[in-house]
Each structure stands twice: as structure tokens, then as C-alpha cells.
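# Summary of structural features
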Amino acid sequence: MVHRVAVLVLDKFAPLDLGAPGQIFWAARTADGEHLYEVVTCSVDGGPVRSHVGYSVLPDHGLEALEGADTVVVPGVHGGEVVRDGTIPDVLREALRGRPRVMSICTGAFVLAAAGLLDGRPATTHWRDAERFRRLFPRVRLDPDVLFVDDGDVLTSAGVAAGLDLCLHVVRRDHGSEVANRTARRCVMPPWREGGQAQYIERPLPPASGTGTAATRAWALERLDQPLDLATLAGHARMSVRTFTRRFRQETGLSPAQWLIRQRVELARHLLETSDLTVDQVARRSGFGSAVSLRQHLNAVVGVSPLAYRQTFRAS
């Protein structure tokens, strides 16, 4: 059955936040090209809604679209009562409650918090708005240093591109790595940025001189099944260990060890979903060496064992 996504657009909405769910979920398809999601857009009254950059959109639906939705997405807003004093109309609060799954992008988290959906729960929003959010919603366990937070039936993301990451994460959660990777290729975006990655990276691109770590990262991705310690990586980059570690963190927001583990977990997930390799073989191919090590790292990321992960995504 096609999963129905309702995108709720509010006054002073952020344009990219509005477009992200439509693009990602529209692009998510089976190997035969069948759509996995239906995306509808709505406003509170079904009327036009104005962005914060000087144009309006006219959604096809009002709040009734939320009634049959499997997932509701609230894009960010840049103004209005919700970001000023943390309030929303009663009709909107009631419409958001009781939904199977609710997501926010950027300052859309203010809307979920104002509806009472984030009380006592972990969440994130754009780092720029973190202090205001904390003042308005002290009961929310805000973490402004991550790209997104998945708390089961309520998910929140940081600003702008992090909304794309969250939507792709949901595709991966719903349908596995193969579908998510295919969706990412269709959207010409990185296939995976884990939610715990830092929002703000001091230098996200390698220096123009070519003295960054991008070439070494590409080299390492082809050798994940081999021993790759810090000295080996730094040697390939022709840097001292200290310089390599500093530049690596500046460019990725992660230490080399953290980055390697995440890439190996991603490779293991792909192999578990798409191959008939045993768990021991998957562990060796992905660089973990043993099934015990693979089990520990996979459980830390997705909370299940390799066999449970394979059964879940093979069944879907």
C-alpha cells in the first residue's frame, strides 16, 4: 500500500523545507518504478500561504488532509506567533495530535512543540534558533548539535539540507538501504548522513589547493574490509596524524574513527539487505572482522542484531 504523506505549510514558510519532502518521497520507488509514497500539501484553511521570501503557494487541501495521512511533515517557518511566543491556534494543535508519525524540518519543531508533541522527548531544530526554542519550550530535550532526531513516531531535523537528510532517513527506515540509495541517486544527493552528525561544520569543503582529506576518504571507501588505522590514513594523505585529524574533523564534523565506523555500518546494512552472505562474511567484508563486532556496532546505530535487521528489510 502506498504511504500517504501530508505536508502542512504555514504562513512565512521556508521554501526549501516545503520542497524537500515532496522531492524525496516522490523519488522513492520500487525497483520497478512504482511510487512508494503519495504526497499531498495542505494549509490550515486550504487557502494560499505566503513564504518568507515574497511569494505564495496554494495547497490543494485544508487540515482534512491530515486525517488519512500516515506521516505529517511540518516545514520550517520564519516568523509569526509560534516562533515569537510559542503558540498556535487550537484547531492546528488538535489536528496534529494523534497522528501515526509526525516530522518537522528546521523551525517546524516550534509547531510540534507548541502542539505538546515534544514534551519530555528529544528533538532538534536549527542551531540559530536553539536558545529561543529552549526559552519557549523548556520541557523539550533539545539537542541543537545534530542533523536530525528520530524518536520513533516523532522526528525533527535541523535547517535547510538537514530536512533532506531526515526525509531520506525515513525512506531508509521504511524501505531499507537499497531504496534509499536509489532515491538519493535520483535526487543527486549523498546517500547517508547519520542524524548524530554535527549541524555546523567549520569547513565543509576541502581547500581549493587539494590538500584536504577527500581523496583519502574516497580511497578508504574502496578498502573498508582492510585494516585502516589513523596512521595509515594520515600516511595516504601525506600529513602528520595531528594535521590529518584536525582537517578531517573540519571537513566532515567527525573523527576519522567515527567516520570509518559509520561507513562500515552502512556497507554492512547494504550487504545484509541485498546479499546472501552469512553474518560472519558480512562482518569481514565491511571491515568489522567478526560477527560480535558487527553486532555491537549495528545495535548501537539501529538497535537490532544483524539477523533481525536482515529479516526486517528482506520482508519489506
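These figures come from a predicted structure and were not determined experimentally.

### Remarks on the pattern of salt bridges
By the definition in use, this model includes 14 salt bridges. Ionic pairing is found between Asp 150 and Arg 173, a salt bridge with its closest N-O pair at 2.8 Å. In this pair, Asp 150 is assigned in strand β9 (residues 148-150) and Arg 173 in helix α6 (residues 161-175), connecting sequence segments 23 residues apart. A relative accessible area of 31% places Arg 173 in the partly exposed class. With its nearest N and O atoms 3.0 Å apart, the salt bridge here joins Arg 217 to Glu 251. One end of the pair, Arg 217, is in helix α8 (residues 214-221); the other, Glu 251, is in helix α10 (residues 241-252), and 34 residues separate them in sequence. We note that Arg 217, like Glu 251, is buried. Put simply, Arg 121, Asp 151 and Asp 153 are held in one network by salt bridges that share partners.

### Overview of the packing of aromatic side chains
Under the defined criterion, the tally for this structure stands at 7 aromatic pairs. A cation over an aromatic ring shows up here: Arg 29 above the ring of Trp 26, its NZ or CZ 4.4 Å from the ring centre. It is Arg 217 that lies over the ring of Phe 248; its NZ or CZ is 5.9 Å from the centre.

### Focus on the packing of helix α9 (residues 230-237) against α10
At their nearest, the axes of α9 and α10 sit 9 Å apart, and the two run at 85° to each other. In terms of their interaxial angle, α9 and α10 are classed as roughly perpendicular. Facing Leu 230, Ala 231, Leu 233, Ala 234 and Ala 237 of α9, the residues of α10 in contact are Val 241, Phe 244 and Thr 245. Of the residues assigned to the contact of α9 with α10, the class counts are 7 nonpolar, 1 polar and no charged.

### Some words on the confidence of the model for the protein chain
This prediction gives the protein chain a mean pLDDT of 90; 93% of its residues lie at or above 70. Long-range and interchain partners of residues 201-209, a stretch whose pLDDT sits below 50, account for 18 contacts in this model, where long-range means more than four residues apart.

### Some details on the pairing of strand β1 (residues 3-8)
Buried residues dominate β1, accounting for 5 of its 6 residues. As paired strands, β1 and strand β5 (residues 71-74) are joined by 3 bridges and run parallel to one another. By the bridge assignment for β5, Val 5 is matched with Thr 71.

### Comments concerning helix α7 (residues 177-187)
Helical periodicity: at 3.6 residues per turn, an α-helix aligns residues three or four positions apart in one direction. Looking only at α7, the buried set comprises Ser 177, Val 179, Ala 180, Asn 181, Thr 183, Ala 184 and Cys 187. Within two residues after α7, Val 188 carries a phi angle of roughly 55°, on the positive side.

### A few points about α9
Three or more residues of α9 are buried, namely Leu 233, Ala 234 and Ala 237. Burial along α9 is one-sided: seen end-on, the buried residues are contained in an arc of 95°. Where α9 is buried, its residues touch α8, α10 and α11 (256-274). Looking one or two residues beyond α9, the residue adopting positive phi is Arg 238, at roughly 60°.

### Description of unusual backbone geometry
If you check the backbone angles, Val 160 has positive phi at about 55° while not being a glycine. Taking the relative accessible area as the measure of exposure, Val 160 reaches 46% and is therefore partly exposed. Phi angles above zero are rare outside glycine, and Val 188 is one such case at about 55°. Relative to the elements of secondary structure, Val 188 occurs in the loop between α7 and α8. Of the residues examined, Val 188 reaches a relative accessible area of 76% and is grouped as exposed.

### Remarks on the environment of Thr 156
Here Thr 156 is to be found in strand β10 (residues 154-157). The buried category is assigned to Thr 156, whose relative accessible area is 1%. Between the C-alpha atom of Thr 156 and that of Val 74, which follows or precedes it by 82 residues, the distance is 9.4 Å. With residues near it in sequence (within four places) discarded, Thr 156 still touches Ser 104, Ala 109, Leu 112, Leu 118, Ala 123, Thr 124, Phe 148, Val 149 and Leu 166. Polar side-chain contacts of Thr 156 include one of 2.9 Å to the backbone nitrogen of Thr 124.

### Focus: the sheet that holds β9
Sheet strands pair by backbone hydrogen bonding; their relative direction is either parallel or antiparallel. With respect to topology, 6 strands assemble into an open sheet ordered β2-β1-β5-β6-β10-β9, the strand pairing being mixed. Because the sheet does not close on itself, it has two edges, and the strands there are β2 (37-42) and β9. If you compare each strand with its neighbour and ignore which way they point, the axes differ by 15° on average. Running over the sheet, helix α1 (residues 15-27) touches β1, β2, β5 and β6 (102-104) and is turned about 160° from β2. Across the sheet, α6 touches β1, β2, β6, β9 and β10, and the angle it forms with β10 is around 145°.

About the cut-offs
Residues numbered from 1 in each chain as written. Predicted model: local features only at pLDDT ≥ 70, side-chain atom pairs only at ≥ 80, totals over all residues. Heavy atoms only, no water. Salt bridge = Lys/Arg side-chain N within 4 Å of Asp/Glu carboxyl O. Helix = DSSP H or I, 4+ residues; strand = E, 2+ residues; numbered from the N terminus. Buried < 20%, exposed > 50% of the residue type's maximum accessible area, 1.4 Å probe, protein only. Phe/Tyr/Trp six-rings, centres within 6.5 Å; stacked < 30°, edge-to-face > 60°. Lys NZ or Arg CZ within 6 Å of the ring centre and 35° of its normal. Axes fitted to C-alpha atoms, helices over the stretch in contact; angles between N-to-C directions. Parallel < 35°, antiparallel > 145°, perpendicular 65-115°, else oblique. Contact = heavy atoms within 4.5 Å. Nonpolar A, V, L, I, M, F, W, Y, C, P; charged D, E, K, R; others polar. pLDDT = per-residue confidence, 0-100. Pairing = 2+ DSSP bridges. Arc of directions from axis to C-beta. Polar contact = N/O pair within 3.5 Å; in protein donor to acceptor, adjacent residues only side chain to side chain.

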